[in-house]
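# Breakdown of the fold
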Amino acid sequence: MSPEGKTLLNVIVLGLGFMVTFTAFGTCGNIEQTVIKSFNSTEFHGSGYTSMAIIYAVFSASNLIAPSVIAVIGPQLSLFFSGLVYSGYIAVFIHPYTSSFYTLSVLLGIAAAVLWTAQGNLLTINSKDSTIGRNSGIFWALMQFSLFFGNLYIFFAWHGKSHITDKDRQTVFITLTVISLVGNFLFFLIQRPDPEPAPSDASESPLPADISDSSSVVPSQSLCSQALDAFKKSIQLAMTKEMLLLSIPFAYSGLELTFYSGVYGTCLGAMTQFGDDAKGLIGLSGILIGVGEILGGGVFGILDKCNRFGRNPVVFLGIFTHIVAFYLIFLNIASDAPVAPEEGTQMQAFIQPSVTVALICSFLLGLGDSCFNTQLISIVGFLFREDSASAFAVFKFVQSITAAVAFFYSNYLLLHWQLLIMVLTGFLGTITFFVVEWGVINSRRDSDYDSI
């Protein structure tokens, strides 16, 4: 197999591994709060929102050490061992206890930081500047099939049910645990890419030489030195102008991740106006979010049609679709839906609640998220390809800390305040992304002039 074919296969296997793993975990996160509200046990006092807030808070802090872990054991083993923790978290719901639930939340936060940093590192080392956009789209589209398969299962399993019994819960979570374990072992199919010949010209990365040209860790270094070096690179990268500007769209991606992966499904399940199918609607909503994610990843990544115009048009489309979705959700869903009890909300929305409008919003949430994330992965991989593990750790640090804050306030804030926070952050993040992308375009233009 040619080197290009091997790296493309690695990207596909990486995407498939995440697809299977997050078929289990993404579905778990989507139904978690709804399931907890249905527990018959009086000994369990956990909250899905609180758990997710703990996960993302620990996730954010652990991103500082994740590059060190990858430097020591490598990205492939990092993916496998992190995936095992994901499986353990899902298995907690088979027989839930408050102590084990929150303990696994902490461990999952650490594992998530290592998992996603390893993913960014593997995606970058299997890509070139000319293929990073395509490969980001392939990975993203494959991973987002997880939303389709997992939520399709939930839709059929819970169709027509207004209450989730213990047997329903156990059947679902045993199945999800097995699925997640299968995904973990797929990571062993990733092959080591062939080394590229040393380039004769300077890198086209527009970063200062002291950042982008830093030498990689040599094998003769001690494990402690490798870990310390990776930590220093993360701090150094976080202080660059490009990373500081990108921190705002990173933050927005964390806020909207919280909303579409947990809060919106809970809102739909709380809408008594949708009838007895409200619980099953959570699964159908997740499917349409997945369709939007897959479509966005395919159009803007696999087909790679947007390169001639840069990344900005795709990011603009992302924020536009999200603002439309947020406005429709504001009109269609009752304000207290995120914090309503299991019996549901009795408040009225601004319009007669419509299942069709709710599902259109699900699709728009997925499409907008794919627009943002494929372009964030692409620009981080392009700007920081020499230190990709550290760069993606900073990305996930910012994203996860805002996700933690969002899951925390989701316990208390009414829907319209949550939507307003996302609109303001998204608008500012779009502007700062444009500034960084304009710098990339100008750098490419200057490089073209220098080569004449």
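Above this text is the structure in question.
The rules behind each value
Residues numbered from 1 in each chain as written. Predicted model: local features only at pLDDT ≥ 70, side-chain atom pairs only at ≥ 80, totals over all residues. Heavy atoms only, no water. Axes fitted to C-alpha atoms, helices over the stretch in contact; angles between N-to-C directions. Helix = DSSP H or I, 4+ residues; strand = E, 2+ residues; numbered from the N terminus. Parallel < 35°, antiparallel > 145°, perpendicular 65-115°, else oblique. Left-handed = near helix turned anticlockwise from the far one by under 90°. Contact = heavy atoms within 4.5 Å. Nonpolar A, V, L, I, M, F, W, Y, C, P; charged D, E, K, R; others polar. 1 Å grid on protein atoms, 1.4 Å probe; cavity = no way out; pocket = protein on both sides within 12 Å on 5 of 7 lines; lining within 4 Å. Points joined across faces, edges and corners; volume = space filled by probe spheres on them. Phe/Tyr/Trp six-rings, centres within 6.5 Å; stacked < 30°, edge-to-face > 60°. Buried < 20%, exposed > 50% of the residue type's maximum accessible area, 1.4 Å probe, protein only. Lys NZ or Arg CZ within 6 Å of the ring centre and 35° of its normal. Core = buried A, V, L, I, M, F, W, Y, C linked by side-chain atoms within 4.5 Å.

## What to know about the packing of helix H1 (residues 3–37) against helix H7 (residues 166–186)
Orientation of H1 relative to H7, taken along the N-to-C sense of each, is 155°, at an axis distance of 8 Å. One way to sum up the angle between H1 and H7 is to call them roughly antiparallel. Handedness of the H1/H7 crossing: left-handed. Taking contact as the criterion, the partners of Val13, Leu16, Gly17, Val20, Thr21, Thr23, Ala24, Thr27, Cys28, Ile31 and Val35 in H1 are, on H7, Arg169, Val172, Phe173, Leu176, Ile179, Ser180, Val182, Gly183, Asn184 and Leu186. Per-class residue counts for the contact of H1 with H7 are 13 nonpolar, 7 polar and 1 charged.

## A word on empty space enclosed by the protein
Rolled over the atoms, a probe sized like a water molecule indicates the empty space that remains. Within this structure, the stated rule accounts for 5 cavities of 30 Å³ or more. Taken as a whole, the largest cavity encloses approximately 520 Å³ of empty space. What lines the largest cavity is a set of 33 residues, and nearest its centre among them are Phe22, Tyr56, Trp116, Leu257 and Tyr260. Within the residue set of the lining of the largest cavity, elements represented by two or more residues are H1, helix H2 (48–62), helix H5 (98–125), helix H6 (132–158), helix H10 (241–270), helix H11 (278–302), helix H13 (355–383) and helix H14 (388–409).

## Thoughts on the packing of aromatic side chains
For the structure shown, the criterion picks out 29 aromatic pairs. Between Phe18 and Phe22 the ring centres are 5.7 Å apart and the planes differ by 5°, which places this aromatic pair in the stacked class. Here Phe18 pairs with Phe22, and both are found in helix H1, just 4 residues apart, close to one helical turn. By the burial criterion, Phe18 is buried, and Phe22 matches it. Judged by centre distance (5.2 Å) and plane angle (65°), the ring pair of Phe80 and Phe185 falls under edge-to-face. Placement of Phe80 in helix H4 (residues 75–91) and of Phe185 in helix H7 is noted, with a sequence separation of 105 residues between them. By relative accessible area, Phe80 is classed as buried at 10%. Three or more aromatic residues joined by ring pairs make a cluster, and in this case those are Phe18, Phe22, Phe25, Tyr86, Tyr89, Phe93, Phe101, Tyr102, Trp116, Phe139, Phe173 and Phe187. For Lys396, the ring lying beneath its charged end belongs to Trp116, and the centroid distance is 4.2 Å.

## So, the side chain of Ser285
Assignment of secondary structure puts Ser285 in helix H11. Assessed through its relative accessible area of 2%, Ser285 is described here as buried. Setting aside residues no more than four positions away along its own chain, Ser285 makes contact with Tyr264, Leu268, Leu359 and Ser362.

## Side note on the nonpolar core
Phe18, Phe173, Phe259 and Ile333 are the most contacted members of the largest nonpolar core, which totals 112 residues. A per-element tally of this core places H10 first, with 14 residues. When residues no more than four places from it in sequence are discounted, the contact partners of Phe259 are Tyr264, Phe326, Ile329, Leu365, Leu415, Gln418, Leu419 and Met422.

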